[in-house]
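The chain contents come next:
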2 protein chains.
Amino acid sequence: MNTTLFLKSRLAAVVLAGTLFLFSNLHAQNKEDSLFIRQIFDAALTKGDCYRVLEHLCTQIGPRLSGSKGAEDAVVYTRSVMEDYGFDKVFLQDVMVPHWERGNISKASFVSGKQKHNLQICALGSSIATPAAGISGKVIEVKNFDELEKLGTEKVKDKIVFFNRPFDDRHIHTFRAYGGAVDQRGSGASKASKLGAVAVIVRSMTHLIDDFPHAGNMHYDPQYPKIPAAAVSTKGAELLSEILKKDPELLLTYTINCTTHPDAPSHNVVGQLNGNTNPDEYIVVGGHLDAWDLAQGAHDDGAGCVQSMEALRLLQMLGYKPKHSLRAVMFMNEENGLRGGLKYAELAKEKGEVHRFAIESDRGGFTPRGFSIDHGGDTLAFFQRFSKLIAPYGLTDLVQGGSGADIGPLRKHGTICVGYIPDSQRYFDYHHAGNDNFDAINKRELEMGAASMAVLIYLADKYWQ
Amino acid sequence: MNTTLFLKSRLAAVVLAGTLFLFSNLHAQNKEDSLFIRQIFDAALTKGDCYRVLEHLCTQIGPRLSGSKGAEDAVVYTRSVMEDYGFDKVFLQDVMVPHWERGNISKASFVSGKQKHNLQICALGSSIATPAAGISGKVIEVKNFDELEKLGTEKVKDKIVFFNRPFDDRHIHTFRAYGGAVDQRGSGASKASKLGAVAVIVRSMTHLIDDFPHAGNMHYDPQYPKIPAAAVSTKGAELLSEILKKDPELLLTYTINCTTHPDAPSHNVVGQLNGNTNPDEYIVVGGHLDAWDLAQGAHDDGAGCVQSMEALRLLQMLGYKPKHSLRAVMFMNEENGLRGGLKYAELAKEKGEVHRFAIESDRGGFTPRGFSIDHGGDTLAFFQRFSKLIAPYGLTDLVQGGSGADIGPLRKHGTICVGYIPDSQRYFDYHHAGNDNFDAINKRELEMGAASMAVLIYLADKYWQ
């Protein structure tokens with residue numbers, strides 16, 4: 001044996017020994033993690049509390065748009081839930097929120113020939129009211145802003161613009177279909193107002209053809225006069241479109257009596273488990289406590305709130321000692337202002353609180369599919385190394401992508417943000433509509449979501465350097 | 001350059017060239033497959049017909065247990081659907097099936113103290129009736145057969161045995177929870193009869209605590225006297241168990257008036273697209289047409305039937321020319337006899353029809369998760385090589401496991417059998433219960449299942465050597 005060979009073989013032995021050590025260490029660690037993840041899911045599925053809490057939030061409190069009594073009741077209730085869980089600290093953060101109220105009138109109809117047709121509509125959030133007698137006009141149907149612009153002032157002036165571009169059903173992930181249609185709801189009014197329209201009516205944001213109008217917020221461009229904006233059910237949109245083909249001169253009248261009040265005082269609700277080695281560094285898990293006023297806000301986002309509290313409760317129940325301080329945050333006002341999310345990040349910055357991670361659940365309480373991480377590179381790779389550990393629980397999607405609106409402001413301060421991804425097929429059946437009620441929740445799906453989030457917190461807390 | 005090195009580099013060049021050719025060929029093929037799979041999903045989601053067909057099957061025909069008028073109506077209807085689709089061949093296969101009828105009485109009650117409690121029950125399939133005045137007895141609650149055996153004849157004789165082992169909620173895949181509990185339903189009556197019991201009552205096979213009794217078949221061991229067998233809702237089971245703790249002597253009475261008639265003539269329904277290069281070799285895709293009589297059989301297994309027809313329709317619509325002959329089979333009598341599946345395999349053998357693959361959908365019309373292949377080794381590897389192609393559609397589970405009851409008999413003749421796996425969380429909310437109706441179906445989830453099956457057929461047809 002020559003020296004070089006000898007040295008090489010020594011090196012090989014050392015490398016081999018190191019590798020074996022690494023493997024056995026990794027193996028032991030993986031086994032420990034695997035067992036703990038199993039415990040988290042077992043606890044969620046057999047000793048879960050989030051379904052009970054969501055039932056209360058939905059059926060005893062219900063609608064809770066920012067500024068409403070429901071919203072403040074939800075603040076009081078979720079605070080009491082986390083106090084009952086014995087979290088180390090439970091506190092409120094003051095935040096001023098928009099206060100818009102729908103009022104009690106949402107009606108629309110048109111006459112064609114001798115027949116009167118009623119449409120199911122609802123005011124879009126932030127819209128102004130129509131005159132008390134309603135607003136009337138001929139209807140001009142468009143599929144997008146380009147089409148509208150091409151029509152120009154001449155054809156749009158004094159009309160009611162009807163935005164009727166449907167969801168593109170080909171998207172497997174339904175949020176992409178939503179993303180491809182929601183500009184009509186958000187900016188349609190001002191685009192139409194620019195050309196002299198008197199009001200807009202927007203096809204509801206859903207795949208389904210049914211008679212629920214779907215609420216959701218809209219924004220006025222300050223350059224143009226504010227005009228009323230309402231959503232119409234997809235069934236109504238189909239009917240209106242069909243009859244417009246035969247009778248393009250038909251007259252549509254609709255009435256909404258919403259009001260924008262001065263901003264109102266409200267709160268984020270925060271529950272905390274103190275960190276053991278890095279108590280001044282935080283991992284946040286959250287959802288938003290406000291919900292549209294047409295239903296109980298079960299999937300959007302009661303589910304995310306109760307899952308966030310449950311994630312911390314599960315870790316606490318299993319005796320896990322976190323390195324970082326863990327916070328469950330019920331953000332206020334995601335739906336029509338994001339003030340809670342902005343305030344949380346502002347206060348974190350003021351107090352110099354370092355936020356390592358934030359995880360949001362705001363895509364409904366459906367069966368788990370994975371997580372969306374808002375960074376690529378090493379950060380994505382950090383999470384992807386756990387893919388085999390979590391795949392047995394249906395968590396197979398570990399992708400780069402958006403996280404959540406409420407935690408978005410933290411991202412600007414360097415926080416790594418993650419969105420929990422449940423299955424998306426049914427989300428827009430309920431989103432912002434009158435049927436987003438507790439009975440649309442499956443207990444196991446909800447619980448598995450809470451467990452999934454607890455698992456991600458555990459892995460991030462334990463392994464992030 | 002010495003000769004050896006020269007030869008080595010020549011070899012390397014050849015290998016490299018070959019590899020490049022293989023890669024580019026594979027790449028082109030992958031691209032072609034990827035585009036075609038996209039087309040299948042696009043067609044299913046935008047030009048799908050299976051939701052309409054299922055609506056008819058559920059709401060116009062409804063319950064269709066073997067031997068019933070509903071079952072024969074379903075035969076006529078699905079035959080006409082496939083004829084309307086213009087499949088190359090549509091035919092029936094005669095098969096004699098069990099003919100059991102529930103009757104019109106399902107009632108149960110017990111008195112404890114001065115209070116009478118009613119229970120929601122249903123006769124289990126194949127059960128004998130009680131006397132017209134009902135059967136009464138003290139109740140002995142057990143969790144499993146071991147516990148029952150230990151009690152012995154002395155404690156069981158003349159009693160009604162109450163099997164009350166719940167689902168184990170820790171299983172992520174709910175079929176495992178079902179598999180861990182269903183022995184009580186299948187064999188409980190004879191196990192109890194052996195020890196002298198007069199009847200059994202079995203906790204319904206579901207995770208939920210609600211008031212739906214879940215039907216399902218049971219079998220009598222010919223060694224022991226037949227005794228009546230009924231399922232009780234989980235809510236009823238919880239109540240009975242709770243009150244038994246305080247009042248173990250309470251008297252339960254229940255009445256069912258089911259009848260077993262002589263076997264009845266019925267049919268499998270088969271639709272075929274002829275193969276182009278191997279017309280005498282078959283790929284089967286199927287579900288079972290019979291369904292329990294308490295509801296419309298939407299998930300079990302109307303979904304599987306309409307998805308099977310749709311899978312062939314999608315391939316036909318896209319102009320795909322299959323190598324093998326493709327068959328959509330509506331199997332009769334999966335629920336209480338499997339006669340259709342047995343007959344299909346028997347006829348295939350008689351006629352010398354080589355069946356390469358069979359795919360069954362009988363786990364509900366929920367969002368796609370993958371496929372379960374009943375072989376390991378090369379066969380499993382054959383499917384797993386397509387994993388990246390199908391993962392974008394949520395088809396991430398490609399595992400070895402059971403396929404489907406109806407195609408099981410083909411397996412004995414060498415057919416590779418595959419089960420379509422949808423998400424399982426909600427399946428046992430509806431399975432065999434009064435709420436398995438069309439309104440429990442989500443259109444997109446159903447359509448994506450049909451597309452998933454079409455994709456598997458396409459890949460198996462094109463690539464299996």
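Residues numbered from 1 in each chain as written. Chains lettered and ligands numbered in written order. Predicted model: local features only at pLDDT ≥ 70, side-chain atom pairs only at ≥ 80, totals over all residues. Heavy atoms only, no water.

Peer 1: Can you walk me through the overall build of chain A in this structure?
Peer 2: Along chain A, the regular secondary structure elements total 14 helices and 16 strands. By principal-axis analysis of the C-alpha atoms, chain A measures approximately 100 × 55 × 40 Å. Put simply, 84% of the contacts in chain A that link residues at least 6 apart link residues at least 24 apart. Total accessible area on chain A is roughly 18700 Å²; 53% of this is exposed by carbon and sulfur atoms. Taken together, the 50 basic and 54 acidic charged side chains of chain A have centroids lying 4 Å from each other. (Helix = DSSP H or I, 4+ residues; strand = E, 2+ residues; numbered from the N terminus. Contact = heavy atoms within 4.5 Å. Areas by Shrake-Rupley, 256 points an atom, 1.4 Å probe, with all protein chains shown as cover. Lys, Arg positive; Asp, Glu negative; His and termini not counted. Charge placed at Lys NZ, Arg CZ, Asp CG, Glu CD.)

Peer 1: Could you clarify how one ought to interpret the side chain of Glu310 of chain B in this entry?
Peer 2: Residue and element names in this part refer to chain B. In this structure, Glu310 sits in helix H8 (residues 298-317). Within the structure, Glu310 has its side chain in polar contact with the backbone nitrogen of Asp49 (distance 2.9 Å). Dropping the residues within four chain positions of it, Glu310 is found in contact with Gly48, Asp49, Cys50, Tyr85 and Ala450. (Polar contact = N/O pair within 3.5 Å; in protein donor to acceptor, adjacent residues only side chain to side chain.)

Peer 1: I keep staring at the pattern of salt bridges and nothing clicks. Help me out?
Peer 2: Should their charged atoms come close, side chains of opposite charge can pair. In this structure the tally under the stated criterion is 48 salt bridges over all chains. Residues Lys194 of chain A and Glu149 of chain A are paired through a salt bridge, measuring 3.1 Å at the closest nitrogen-oxygen approach. Taken together, the residues Lys194 of chain A in helix H6 (residues 183-194) and Glu149 of chain A in helix H4 (residues 145-156) connect sequence positions 45 residues apart. Within this structure, Arg426 and Glu445 of chain A together with Arg426 and Glu445 of chain B form a network of salt bridges that share partners. (Salt bridge = Lys/Arg side-chain N within 4 Å of Asp/Glu carboxyl O.)

Peer 1: Mind showing me how you'd approach the packing of aromatic side chains here?
Peer 2: Here a ring pair, both rings aromatic, is described through the centre-centre distance and the interplanar angle of the planes. Tallied over the full model, the rule gives 47 aromatic pairs over all chains. Ring plane angle 55° and centroid distance 5.7 Å describe the contact between Tyr85 of chain A and Phe87 of chain A, whose orientation is recorded as tilted. On the accessibility criterion, Tyr85 of chain A (15% relative accessible area) is buried. The exposure class of Phe87 of chain A is buried, given its relative accessible area of 7%. Ring centres of Phe36 of chain B and Tyr320 of chain B lie 5.7 Å apart, and the angle between their planes is 40°; this geometry places the pair in the tilted category. On the criterion of sequence distance, the pair formed by Phe36 of chain B in helix H1 (residues 3-46) and Tyr320 of chain B in the loop between H8 and strand E12 (324-331) is long-range, its members being 284 residues apart. The pair formed by Phe36 of chain B and Tyr320 of chain B is uniform in burial state, with each residue classed as buried. Through a chain of ring-to-ring contacts, three or more aromatic side chains come together here, namely Phe167, Phe175, Tyr178, Phe366, Tyr427 and Phe428 of chain A. In this structure, Arg363 of chain B packs its charged tip against the face of Phe175 of chain B, placed 5.8 Å from the ring centre. The aromatic ring of Tyr463 of chain B is capped on one face by Arg385 of chain B, whose charged end is 5.4 Å from the ring centroid. (Phe/Tyr/Trp six-rings, centres within 6.5 Å; stacked < 30°, edge-to-face > 60°. Buried < 20%, exposed > 50% of the residue type's maximum accessible area, 1.4 Å probe, protein only. Lys NZ or Arg CZ within 6 Å of the ring centre and 35° of its normal.)

Peer 1: Looking at this structure, how should I read the domain arrangement of chain A?
Peer 2: Frequently, the measure chosen for interface size is the accessible area that the parts lose on association. Residues and elements named next belong to chain A. The domain architecture assigned to chain A consists of domain 1 (38-100 + 262-463) and domain 2 (103-257). Distance between the C-alpha centres of domain 1 and domain 2: 33 Å. At the interface, 18 residues of domain 1 touch 23 residues of domain 2. The contact between domain 1 and domain 2 buries some 1600 Å² in all, and 64% of this surface belongs to carbon and sulfur atoms. (Domains from an automatic or database assignment. Buried area = accessible area lost by both parts, 1.4 Å probe.)

Peer 1: Honestly, the interface of chain B and chain A in this entry has me stumped. Any pointers?
Peer 2: Taken together, the contacts link 27 residues of chain B with 27 residues of chain A. Together, the buried faces of chain B and chain A total about 2300 Å²; carbon and sulfur atoms form 49% of this surface. The interface formed by chain B and chain A contains 2 salt bridges. Between Glu445 of chain A and Arg426 of chain B there is a salt bridge whose closest N-O contact spans 3.3 Å. Scanning the region where chain B abuts chain A turns up 19 residue pairs in polar contact (both at pLDDT 80 or more). Listing elements by their share of the side of chain B that touches chain A, those giving two or more residues are H1, strand E14 (368-373) and helix H14 (443-463) of chain B.

Peer 1: How should the relation of the copies chain B and chain A be read in this particular structure?
Peer 2: Two chain copies here: they are related by a rotation about an axis and a translation along the same axis. The two copies are related by a screw operation: chain B maps onto chain A through 180° of rotation and 0.0 Å of translation along the axis, at an RMSD of 0.0 Å. The superposition of one copy onto the other is thereby described by a two-fold rotation axis. The position closest to the rotation axis in chain B is occupied by the C-alpha of Thr396 of chain B, lying 3.5 Å away. A shared interface surface links the copies, since 100% of the contact residues of chain B are contact residues in chain A too. (Least-squares fit on C-alpha atoms with pLDDT ≥ 70 in both.)

Peer 1: Where do I start with unusual backbone geometry in this structure?
Peer 2: Glycine aside, negative phi is the norm for most residues, and most peptide bonds take the trans geometry. Here the amide bond leading from Asp300 of chain A into Asp301 of chain A is cis, since omega sits at 0°, within 30 degrees of zero. Note on placement: Asp301 of chain A falls in helix H8 (residues 298-317). Even without being glycine, Asp158 of chain B reaches a positive phi, approximately 70°. Among the secondary structure elements, Asp158 of chain B is positioned in the loop between helix H4 (145-156) and strand E6 (160-163). In this model, Leu338 of chain B sits at a positive phi of 65°, which is unusual for a non-glycine residue. Relative to the elements of secondary structure, Leu338 of chain B occurs in the loop between E12 and helix H9 (339-350).

Peer 1: Any chance you could explain the pairing of strand E16 (residues 416-422) of chain B here in plain terms?
Peer 2: The side chains of a regular strand alternate, residue by residue, between the two faces of the sheet. Residues and elements named next belong to chain B. Within E16, 7 of the 7 residues are buried, which leaves it mostly tucked inside the rest of the structure. The alternating pattern of E16 places Ile416, Val418, Tyr420 and Pro422 on one face and Cys417, Gly419 and Ile421 on the opposite face, and all of these are buried. Across 4 bridges, the pairing between strand E13 (residues 354-360) and E16 is parallel. Each residue of the ladder has a partner; that of Glu360, found in E16, is Gly419. Judged from the 5 bridges that link them, E14 and E16 form a sheet pairing that is antiparallel. The residue bridging Ser372 from the neighbouring strand is Gly419, located in E16. (Pairing = 2+ DSSP bridges.)

Peer 1: Help me understand the confidence of the model for chain A, please; the structure alone is not making it clear to me.
Peer 2: Averaged over all residues, the pLDDT of chain A is 94; the fraction at 70 or higher stands at 94%. Our summary of model confidence lists the complex with pTM equal to 0.93 and ipTM equal to 0.92. (pLDDT = per-residue confidence, 0-100.)

Peer 1: In this structure, what is going on with the packing of helix H2 (residues 50-61) of chain B against H8 of chain B? I would like to understand it.
Peer 2: Packed helices, taken two at a time, are described by their axes: the angle between them and the distance between them. All names here are of chain B. The geometry of H2 relative to H8 is characterised by a closest axis approach of 9 Å and an angle of 140° between their N-to-C directions. Here H2 is positioned oblique relative to H8, judged by the angle of their axes. At the point where H2 passes H8, the crossing takes the right-handed sense. Taken together, the residues of H8 that come into contact with H2 (itself represented by Cys50, Val53, Leu54, Leu57 and Cys58) are Ala298, Gly302, Ala303, Val306, Met309 and Glu310. Considering only residue class, the contact of H2 with H8 consists of 9 nonpolar, 1 polar and 1 charged. (Axes fitted to C-alpha atoms, helices over the stretch in contact; angles between N-to-C directions. Parallel < 35°, antiparallel > 145°, perpendicular 65-115°, else oblique. Left-handed = near helix turned anticlockwise from the far one by under 90°. Nonpolar A, V, L, I, M, F, W, Y, C, P; charged D, E, K, R; others polar.)

Peer 1: Just to check I follow, could you spell out the sheet that holds strand E15 (residues 397-400) of chain A for this structure?
Peer 2: Pairing between the strands of a sheet is mediated by backbone hydrogen bonds and can be parallel or antiparallel. Residues and elements named next belong to chain A. Ordered by their spatial adjacency, 8 strands build an open sheet running E1-E10-E12-E11-E13-E16-E14-E15, and the pairing between neighbours is mixed. The outermost strands of the open sheet, each flanked by one partner alone, are strand E1 (89-101) and E15. On average, each strand axis in the sheet is tilted by 20° relative to the strand beside it, whichever way the strands run. Pairing of strand E11 (residues 278-288) with strand E12 (residues 324-331) involves 8 bridges; the strand directions are parallel. From the neighbouring strand, Val285 faces E12, where its bridge partner is Ala328. Sheet contacts for helix H3 (residues 69-84): E1, strand E10 (259-273) and E12; angle to E10, the most-contacted strand, approximately 5°. Most of the contacts of H8 go to E11, to which it runs at about 145°, and overall it touches E10, E11, E12 and strand E16 (416-422).

Peer 1: Can you walk me through helix H6 (residues 183-194) of chain B in this structure?
Peer 2: Given 3.6 residues per turn, any residue in an α-helix points the same way as the ones three and four places further on. All names here are of chain B. For H6, which comprises 12 residues, the first-to-last C-alpha distance of 16 Å matches the rise-based estimate of 16 Å (1.5 Å per residue) to within 8%. Buried within H6 we find Gln184, Arg185, Gly186, Gly188, Ala189, Ser190, Ala192 and Ser193. The inward-facing, buried residues of H6 abut H4, E6, helix H5 (174-179), strand E7 (199-203) and strand E8 (229-232). Trailing H6 by a residue or two, Gly196 shows a phi angle of about 95°, which is positive. (Expected span 1.5 Å × (residues − 1).)

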